[in-house]
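Structure at a glance
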Amino acid sequence: QMSKYTCFDVSVKDHVAHVVMNRPDEFNTMTRLFWKELPEIVKELDKNAEARVILLKAEGKHFNAGMDLANFAPADKNGPKKDPARMRETFYHEVLELQNTFTALEECRMPTIASIQGACVGGGIDMVSACDIRHCSADAFFKIAEVDIGLAADVGTLQRLPSLMPIGAVRELAYTGRKFLPTEALELGFMNKVFDSIEDLEKGSLELAQEIASKSPLVTRVIKKQINYARDHSVKESLDYHAAWNSSLISGQDMEAAMKAFMEKSKANYDDLEPTHSFWEKEGLVP
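Here we summarise the structure given alongside this text. The structure presented is a predicted model; accordingly, all values stated were derived computationally and were not measured.

Scanning the chain from terminus to terminus reveals 11 helices and 9 strands. Computed over C-alpha atoms, the radius of gyration of the chain comes to 20 Å, within 12% of the 19 Å expected from 2.2 N^0.38 for 287 residues, which places it in the range of a compact globule. Each principal axis of the C-alpha atoms in the chain carries an extent, and together these give about 70 × 50 × 45 Å. The buried share of the chain, taken over its 287 residues, is 43%. A sequence separation of at least 24 residues applies to 72% of the contacts in the chain between residues at least 6 apart.

Quick look at the nonpolar core now. Membership of the largest hydrophobic core comes to 50 residues, with the highest contact counts inside it found for F8, F34, I116, M127, F142 and F190. Sorting the residues of this core by element identifies β1 (8-13), β2 (16-21), α1 (32-48), β3 (53-58), α2 (84-107), β4 (112-116), α3 (123-129) and α5 (167-176) as the ones contributing at least two each. Top contributing element to this core by residue count: α1, with 6 residues. With residues up to four places along the chain from it excluded, the contact list for I116 reads F63, V128, H135, C136, S137, A140, F142, M191 and L201.

What follows deals with the pairing of β1. Two elements, β1 and β2, share 6 bridges in a ladder whose sense is antiparallel. Note that in β2 the partner of S11 across the bridge is H18.

Here we take up the sheet that holds strand β8 (residues 179-180). Sheet architecture is open: 3 strands sit in the order β5-β7-β8, paired in mixed fashion. Each edge of the open sheet is held by one strand with a lone partner, namely β5 (119-121) and β8. In this structure, β5 lies alongside strand β7 (residues 141-143), joined through 3 bridges in parallel fashion. Bridge assignment links C120 to a residue of β7, and that residue is F142.

So, how was this worked out
- Residues numbered from 1 in each chain as written.
- Predicted model: local features only at pLDDT ≥ 70, side-chain atom pairs only at ≥ 80, totals over all residues.
- Heavy atoms only, no water.
- Helix = DSSP H or I, 4+ residues; strand = E, 2+ residues; numbered from the N terminus.
- Rg over C-alpha atoms; globule rule 2.2 N^0.38 Å.
- Buried < 20%, exposed > 50% of the residue type's maximum accessible area, 1.4 Å probe, protein only.
- Contact = heavy atoms within 4.5 Å.
- Core = buried A, V, L, I, M, F, W, Y, C linked by side-chain atoms within 4.5 Å.
- Pairing = 2+ DSSP bridges.

In structure tokens:
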């Protein structure tokens, strides 16, 4: 159990990492600490290679009510006057940093599943659109809410949703900020599955996580990398990229284990991925 985080409880069981937002009374809004902790958690799990799937969940009635606006109040109006252009240049870096929080979910080696109940609005949409798979319960609702506070969603929603649902729908939902419900989210392809109750949601998401975790983590890692690449490149480039990856990362050991399990109708055992250590750690230059 890694309980060194304030906004999350993190545990790994049977190769599934449970990353749980743990501020139900505040509807798990995203404080400054939230943005710092999430990528740290994902990178730590990725590095240790013990988990084969990340299951992103939330305690309480609502999954995520978006940005904690009080945490991002404008700076002191009466402070020293600074050059607006320089201030904006700094803000640019802050936005990139916030974007990287969710990009961590997209770039980690293991598949990610978001399991959503109640509200998933504003920043919550940015976050789950960076996950591989999205489940929700029938009580869920969604809003690209930023337009109503005078902002364009800026940490992934507008960039990732067009490859998850029809672009006309993305435009309408982003321009209006209207609420949409699970049935519509499912029809649009935003949700993979809708469950009747929160209990069914928990059970269904865990079952899917366990099924993915039973596969070779090397293979699911390659699949994730290839799908992300294909989304951002032409078919020709993506095929070439895949050929290069496949020729270097097909594991005879995993194929043998998979075939044997298939023939014997049994469960295959695969080695975990190796932990990733930076060059500096290997050289003993990092404590």
